[in-house]
Amino acid sequence: MKKDKPDTKVVSAGRMSKDHFGAVNTPVYRASTILFPDLASMEPGRQAYTYGRRGTPSSRSLEDAIAQLEGGAQVVLTPSGLNAVTTAILSVIGNGDHLLVTDSVYGPTRHFCDTTLKRLGVETSYYAPTANIAPLLRPNTKAVFCESPGSLTFEVQDIPAIAGAAHAHGASVLMDNTWATPLLFDVHGHGVDLSIQAGTKYLGGHADVNIGTVSANEAHAARLKDTHGNMGLAASGDDCFLALRGLRTLAVRLKRHQETALKLTHWLAGRPEVARVIYPALPSDPGYALWKRDFKGASGLFAFELKPASERQVAALVEGLHHFGIGYSWGGFESLILPSHIHRTAQAFDAKGPLIRIHAGLDDAYDLIADLEQGFARLKGT
Ligand SMILES: *Cc1c(COP(=O)(O)O)cnc(C)c1O
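*Asks:* Now, about the packing of aromatic side chains: what can you tell me, with residues and values included?
*Replies:* Under the counting rule described, the total for this entry stands at seven aromatic pairs. Consider the rings of Y202 and W330, whose centres lie 5.6 Å apart with planes at 70°: the pair is edge-to-face. Note that Y202 is positioned in the loop between β6 (194-198) and β7 (212-216) and W330 in the loop between β10 (324-326) and β11 (335-340), a separation of 128 residues in sequence. With respect to class, Y202 is no different from W330; both count as buried. Each ring, one from F304 and one from F376, has its centre 6.4 Å from the other, and the planes form 65°; the classification is edge-to-face. Highlighted residues: F304 in strand β9 (residues 301-306) and F376 in helix α12 (residues 365-380), separated in sequence by 72 residues. Taken together, W179, F185 and F295 form an aromatic cluster joined through their ring pairs. Sitting above the plane of the Y126 ring, R110 keeps its charged end 4.1 Å from the centroid.

*Asks:* Could you give an account of the site of the ligand, with specific residues and numbers?
*Replies:* Around the ligand sit 13 residues in total, of which G81, L82, D176, T200 and K201 are the nearest. A distance of 2.8 Å is found between an oxygen atom of the ligand and a backbone nitrogen or oxygen belonging to G81. Between the ligand and L82 there is a distance of 2.8 Å, counted from an oxygen atom to a backbone nitrogen or oxygen. In isolation the ligand offers 380 Å² of accessible surface; the protein chains occlude 91% of this area. Given that more than half its atoms are within 2 Å of the pocket grid, the ligand belongs to the largest pocket.

*Asks:* So what's going on with the packing of helix α2 (residues 57-70) against helix α8 (residues 237-248)? Residues and values would help.
*Replies:* Relative placement of two packed helices is described by the angle separating their axes and the distance separating the axes. For the pair α2 and α8, the least separation of the axes is 8 Å and the interaxial angle reads 35°. Viewed along their axes, α2 and α8 form a crossing whose handedness is left-handed. From α2, S58, S59, S61, L62, A65 and L69 reach across to α8, where they touch G237, C240, A243, L244 and L247. When the residues that make up the contact of α2 with α8 are grouped by side-chain class, the tally is seven nonpolar, four polar and no charged.

Thresholds applied
Residues numbered from 1 in each chain as written. Predicted model: local features only at pLDDT ≥ 70, side-chain atom pairs only at ≥ 80, totals over all residues. Heavy atoms only, no water. Phe/Tyr/Trp six-rings, centres within 6.5 Å; stacked < 30°, edge-to-face > 60°. Helix = DSSP H or I, 4+ residues; strand = E, 2+ residues; numbered from the N terminus. Buried < 20%, exposed > 50% of the residue type's maximum accessible area, 1.4 Å probe, protein only. Lys NZ or Arg CZ within 6 Å of the ring centre and 35° of its normal. Near = heavy atom within 4 Å. Polar contact = N/O pair within 3.5 Å; in protein donor to acceptor, adjacent residues only side chain to side chain. Areas by Shrake-Rupley, 256 points an atom, 1.4 Å probe, with all protein chains shown as cover. 1 Å grid on protein atoms, 1.4 Å probe; cavity = no way out; pocket = protein on both sides within 12 Å on 5 of 7 lines; lining within 4 Å. Sits in = over half its atoms within 2 Å of the grid points. Axes fitted to C-alpha atoms, helices over the stretch in contact; angles between N-to-C directions. Left-handed = near helix turned anticlockwise from the far one by under 90°. Contact = heavy atoms within 4.5 Å. Nonpolar A, V, L, I, M, F, W, Y, C, P; charged D, E, K, R; others polar.

As far as function goes, none of this settles anything; it's purely spatial.
What follows is the structure, given as structure tokens:
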């Protein structure tokens, strides 16, 4: 099983059909109480399933599948992607510690660090996503948090270099890998200790589930499982089922998302209204060399910077689109568009015009391009 290619793993991993009357997909299990046949069975380790919060076949199937894809030692599931982030951080950090976080990090992760972690006596500082972190490590730096590419600005980080510097210092390395998924970036293989996914995005893939996953290497497995258990976390059977069903088509969906994103970004790069396109899979992107070195592909999320334009012009472009919804999140089959607001503290983000983020969904690329073309005509006429 371990030697199977990733595309095979996504269709085969975590299947338990022999336990479910041959049903290909593990059904939804809803359980809190699980009955024991006798008192002896209640001894730890005697029964695979003991209580709903501690796991059902629905959650174990998904955990097993993610573990095979990530190649880690321990996977936990959380009720949202943000909760996967906070659980991973809390499993390595404590009062008096310092945490280094990339300036390109997902906004709610930053907010957690600046509020809850601060209250618990943890100091967070932010580093420029492409900085050499060695001089930023302090005697009490316990962990370094990465997100590559950042989900608004798409800087690609040199993860092996960051991991090398952090580990030489005795600090743990965490990475939010939602953009690439385990199929396009091998997180543990590049030296990261805790690999985080908002399964809400590509894993679920259909815009109908919030779920998160964390995979730990051997050295971080026990702390992760303990922290997750202590906080009483569990993903619902329905959500595990949906995430597992999404996983089965993840490889083919990602290929299509990339293909469409490449068509859109090439087209956008030639538009007179566009100052630059930000997508690591383009040779013109500053992150291209690192992306090429470390990633097996690109997903469907990218941004472009407009030449200076008014708010009304941005609204004229975005609001009349037929095939792009205006909304948070991404990774589903649907195409989305969102003006981005960048908050930075370590290094200012250099943009003269408005930044627009696009998720290339599974629509036909030429319908999407025609839609954007009309959007640019509205922008010009405003
Ligand atoms: C969406 C997202 C999350 C959070 O996932 P939720 O399920 O919405 O909590 C975390 N990290 C990144 C990069 C995301 O895009």
